[in-house]
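Chain residues, written in single-letter form:
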Amino acid sequence: MNDARPEHHDVSRRSVLRTAGAAGAGLGLGAFGHPAEAAQEPVEDGPRRQGSTMIGVPFQRRSTVRVAMIGLGNRGGAMIDLYLAVPGVTVVALCDPVKAKAERAAAKVTAAGQPAPAVYVHGEHDYEELLKRGDIDFAHVATGWDSHFEIAKSALLNGVHVGVECPLALGLDQLWELVDLSERTRRHCMQLENCCYGRNELRVLRMAHAGKFGDLLHGAGAYNHDLRSMMFDPAAYEGPWRRLWHTRLRGDLYPNHGFGPVANYMDLNRGDRAVSIVSVGSPSLGLAQYRAAHMPEGDPSWKETYIGSDRTISLVTTAKGRVIRLEHDVSTPHPYSRINSLGGTKGLFEDYPERIYLEADHRDDTWGDFSKYAEWDHWLWKEHANPPGAHGGMDYMLVFRLMQCMRLGLVPDFDVYDAATWTSPVPLSHLSIKERGLPQQIPDFTRGEWRKSRPGMDSEKPAEA
């Protein structure tokens with residue numbers, strides 16, 4: 001039984017709808033908004049704030065978190081297992097236009113000993129009916145990218161905290177609208193960035209904050225993952241939506257896995273911020289060549305023209321002068337890597353494979369053994385040494401920690417400002433490549449609040465109540 005009182009709405013849903021603005025009017029290239037076309041909006045502090053900041057705003061304490069899952073394909077169908085594994089969580093509603101997927105997920109809920117969830121399977125927009133229920137505390141969105149913005153927006157307007165799989169949205173105007181709506185509705189809108197909860201990532205985070213790398217200078221992150229076979233496999237993705245984004249944008253389509261952890265190391269939005277990005281991209285050849293080798297004549301993919309760079313490389317600069325390199329490549333053969341690198345005046349860490357060099361411990365130009373630094377593991381990994389689920393346990397850590405914050409009434413580890421920042425390279429890298437490497441300014445989604453130091457992923461273990 002949920003013991004929380006209804007959370008206070010500062011404004012009515014109708015007033016939010018009336019004043020939310022016309023941003024996010026489409027997903028075509030026109031939605032990406034060239035910075036020069038928005039000269040009336042100061043880059044530093046952004047558009048005029050419509051509500052108070054969500055920085056430092058805790059969830060309302062509740063004994064049970066009532067969760068809705070929207071999108072039950074490969075990702076959503078796997079994540080539901082993790083919510084069912086966390087104490088104090090009830091899955092109350094499910095939504096997917098493919099009825100069989102929703103029914104399989106519902107069977108998991110009842111098999112876990114929970115009441116049968118409500119199921120919404122009537123078309124692509126049935127999530128709107130689900131979000132009107134009034135008994136949902138948190139919605140997990142695991143649909144195709146095209147729908148992320150509209151579903152997150154609907155959740156906020158219906159008073160529901162929402163977490164979205166990467167990326168949060170596809171345009172700057174959409175990111176700004178979600179920031180504004182989060183502030184006005186007093187609901188959190190988060191990027192569900194599981195890589196921030198990886199064991200290596202959290203260990204490096206704690207070491208960085210303890211000064212083991214000295215003054216931080218540079219970092220790198222990536223999503224270099226050969227997805228060619230999956231993108232042409234209808235069983236892997238429901239329709240061609242992911243492949244089609246390679247016909248629309250030239251830049252980094254998936255920056256969050258690499259950007260999020262490095263942003264945490266450098267305390268972006270917590271004393272530093274990302275201020276600009278410059279991107280370059282290779283020719284787009286990989287998907288077309290894979291299609292020629294593997295897809296039969298007459299396949300619908302032959303009607304597609306790919307423009308997305310096979311390898312995108314971006315350099316992000318911060319207010320403190322630090323540099324972050326981001327890479328994206330899902331169209332060519334290579335081993336999986338998120339790079340996950342951090343360097344400072346006292347040493348360097350690089351992942352894939354993991355290796356470390358700290359001046360205090362190594363003076364012979366030989367990489368050190370990162371496993372010897374297990375004492376720096378985050379308390380989450382000390383408490384859950386063998387977590388269930390995929391991706392080495394980071395998915396479970398994300399769900400466990402988020403649900404813990406909601407149950408105990410804590411401030412979430414990251415917020416809508418982080419989500420917008422980590423996603424902004426999607427439109428901005430496209431513009432930079434389109435304009436032959438012209439740097440693009442990254443908006444300050446915090447509207448000046450980034451100057452204040454505050455906690456983030458490097459959290460203290462809470463006292464359970």
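Residues numbered from 1 in each chain as written. Predicted model: local features only at pLDDT ≥ 70, side-chain atom pairs only at ≥ 80, totals over all residues. Heavy atoms only, no water.

**So, the pairing of strand 5 (residues 161-164)**
Where a strand is regular, its side chains alternate between the two sheet faces. Note the cut-off: Burial here depends on accessible area, computed with a 1.4 Å probe over protein chains only, as a share of the maximum for the residue type. Under 20% is buried, over 50% is exposed, and the range in between is partly exposed. Helical segments are the DSSP runs of H or I of at least four residues, strand segments are the runs of E of at least two, and each set is numbered from the N terminus. Place the viewer so that the strands point away; then a crossover is right-handed whenever the path from the first strand over the helix to the second strand goes clockwise. Criterion used throughout: strands pair if DSSP finds at least two bridges between them.
Residues His161 and Gly163 line one face of strand 5 and the alternating positions Val162 and Val164 line the opposite face, and both faces are buried. In the classification by handedness, the crossover that spans strand 4 (residues 138-141), the intervening helix 5 (residues 148-157) and the parallel strand 5 is right-handed. In this structure, strand 5 lies alongside strand 6 (residues 189-191), joined through 3 bridges in parallel fashion. Residue Val164 lies in a different strand from strand 6, and its bridge partner there is Gln191. The parallel pair strand 5 and strand 6 is bridged by helix 6 (residues 172-185), and the resulting crossover is right-handed.

**Here we look at the sheet that holds strand 4**
Selection criterion: Where helices are involved, their axes are fitted lines through C-alpha atoms of the stretch in contact, as for all axes, and angles between N-to-C directions lie from 0 to 180°.
The sheet built from 6 strands is open, its strands ordered 3-2-1-4-5-6 with parallel pairing. Both edges of this open sheet fall to strand 3 (118-120) and strand 6, since each of them pairs with a single strand only. Strand after strand, the sheet turns through a mean of 25° between neighbouring axes, direction not considered. Bridge count for strand 1 (residues 65-70) against strand 2 (residues 89-95) is 6 bridges, and the pairing is parallel. When the sheet's bridge partners are listed, Ile70 is paired in strand 2 with Cys95.

**Considering the packing of helix 7 (residues 199-209) against helix 10 (residues 256-265)**
A pair of packed helices can be characterised by two numbers: the angle between their axes and the separation between those axes. To be explicit about the condition: In what follows, roughly perpendicular refers to angles from 65 to 115 degrees, roughly parallel to angles under 35, roughly antiparallel to angles over 145, and oblique to any angle outside these ranges. Take the far helix as the reference: if the near one is turned anticlockwise from it by less than a right angle, the crossing is left-handed, and if turned clockwise, right-handed. In this description, contact between two residues means that some pair of their heavy atoms is separated by no more than 4.5 Å. Following the grouping adopted for this structure description, the nonpolar residues are Ala, Val, Leu, Ile, Met, Phe, Trp, Tyr, Cys and Pro, the charged ones are Asp, Glu, Lys and Arg, and the polar ones are all others, Gly among them.
For the pair helix 7 and helix 10, the least separation of the axes is 9 Å and the interaxial angle reads 25°. With respect to their mutual orientation, helix 7 and helix 10 come out roughly parallel. Here helix 7 runs over helix 10; the crossing is right-handed. Contacts from Glu201, Val204, Leu205, Ala208 and His209 of helix 7 reach helix 10 at Pro261, Asn264 and Tyr265. When its residues are assigned to classes, the contact of helix 7 with helix 10 shows 5 nonpolar, 2 polar and 1 charged.

**Comments concerning the environment of Tyr120**
Here Tyr120 lies in strand 3. Residue Tyr120 is classed as buried on the basis of its relative accessible area, which comes to 14%. On a C-alpha basis, the gap between Tyr120 and Glu103 in space is 10.0 Å, while along the polypeptide they are 17 residues apart. Setting aside chain neighbours within four positions, we find Tyr120 in contact with Ala93, Leu94, Cys95, Asp96, Asp126, Glu129, Leu130 and Arg133.

**A few points about the environment of Ala210**
Structurally, Ala210 can be placed in the loop between helix 7 and strand 7 (216-224). Expressed as a C-alpha distance, the spacing of Ala210 and Trp376, which sit 166 residues apart in the sequence, is 9.5 Å.

**Considerations on the pairing of strand 2**
Of all 7 residues making up strand 2, 6 are buried, and the element is well covered by its neighbours. Traced from strand 2 through helix 3 (residues 99-111) to strand 3, the parallel crossover comes out right-handed.

**Some details on the state of the cysteines**
Short version of the rule: Two cysteine sulfur atoms form a disulfide, by the criterion used here, when they sit within 2.5 Å.
What the rule picks out here adds up to 0 disulfides. Free cysteine Cys166: the closest other cysteine sulfur is in Cys195, separated by 7.4 Å. Classification of Cys166 by relative accessible area gives buried; the value is 4%. Considering cysteine sulfurs only, Cys195 is the nearest to Cys196, which forms no disulfide, with 7.3 Å between them. Classification of Cys196 by relative accessible area gives buried; the value is 3%.

**Concerning helix 14 (residues 416-423)**
Every α-helix winds through 3.6 residues per turn, so residues three or four apart in the chain are directed the same way. How we decide: Each polar contact in these results corresponds to two N or O atoms within 3.5 Å; when the atoms are within protein, one needs to be able to donate a hydrogen and the other to accept it, and residues that are neighboring in sequence are counted only if both atoms are side-chain atoms.
Within helix 14, 8 of the 8 residues are buried, which leaves it mostly tucked inside the rest of the structure. Within helix 14 the residues assigned to the buried category are Val416, Tyr417, Asp418, Ala419, Ala420, Thr421, Trp422 and Thr423. Where helix 14 is buried, its residues touch helix 6, strand 6, helix 10, strand 8 (274-281) and helix 15 (425-434). Sitting at the head of helix 14, Asp415 places a side-chain oxygen 3.1 Å from the backbone nitrogen of Tyr417.

**Details of the nonpolar core**
Where we set the bar: Residue types Ala, Val, Leu, Ile, Met, Phe, Trp, Tyr and Cys, when buried and joined through side-chain atoms within 4.5 Å, form a set referred to as a nonpolar core.
Core analysis: the biggest nonpolar cluster contains 107 residues, and Tyr197, Phe213 and Met403 have the highest contact counts within it. Examining the composition of this core, we find that 10 residues originate from one element, helix 13 (residues 394-408), more than from any other. Excluding its chain neighbours within four sequence positions, the residues that come into contact with Phe213 are Val204, Met207, Ala208, Leu342, Gly344, Thr345, Lys346, Gly347, Leu348, Phe349, Ile356 and Leu358. Core analysis: the next-biggest nonpolar cluster, separate from the first, contains 20 residues, Leu170, Trp241, Leu253 and Leu287 among them.

**Regarding the confidence of the model for the protein chain**
Close reading of the predicted structure is inappropriate where its pLDDT is low. The condition is simple: For every residue, the predictor assigns a confidence score, pLDDT, that lies between 0 and 100.
Per-residue confidence for the protein chain averages 90 on the pLDDT scale, and 90% of its residues sit at or above 70. The low-confidence segment residues 1-44, where pLDDT is below 50, has 86 contacts with residues more than four positions distant or belonging to other chains.

**Digging into the environment of Lys382**
Note that Lys382 resides in helix 12 (residues 379-383). Distance from Lys382 to Arg199, taken between C-alpha atoms, is 9.8 Å for residues 183 residues apart in sequence. Polar contacts involving the side chain of Lys382 include one to the main-chain carbonyl oxygen of Glu375, which spans 3.2 Å.

**Here we look at the pattern of salt bridges**
This is how it is decided: Any Lys or Arg side-chain nitrogen located within 4 Å of an Asp or Glu carboxyl oxygen qualifies as a salt bridge.
Taken as a whole, this structure holds 30 salt bridges when the rule is applied. Measuring nitrogen to oxygen at the nearest pair gives 3.2 Å for the salt bridge that ties Asp81 to Lys108. Taken together, the residues Asp81 in helix 2 (residues 74-85) and Lys108 in helix 3 connect sequence positions 27 residues apart. Connected through shared salt-bridge partners, Arg49, Asp180, Glu183 and Arg447 make up one network.

**Considering the packing of aromatic side chains**
Formally: Only centres within 6.5 Å qualify two rings of Phe, Tyr or Trp (six-membered ring in Trp) as a pair; their planes then separate them into stacked at under 30 degrees, edge-to-face at over 60, and tilted for everything else.
Within this structure, the stated rule accounts for 13 aromatic pairs. Pairing Trp145 with Tyr254 gives two aromatic rings, centres 5.7 Å apart and planes at 20°, and the pair type is stacked. In this pair, Trp145 is assigned in the loop between strand 4 and helix 5 and Tyr254 in the loop between helix 9 (241-244) and helix 10, connecting sequence segments 109 residues apart. Here Trp145 falls in the buried class, since its relative accessible area comes to 4%. Exposure remark for Tyr254: the relative accessible area of 11% places this residue in the buried category.

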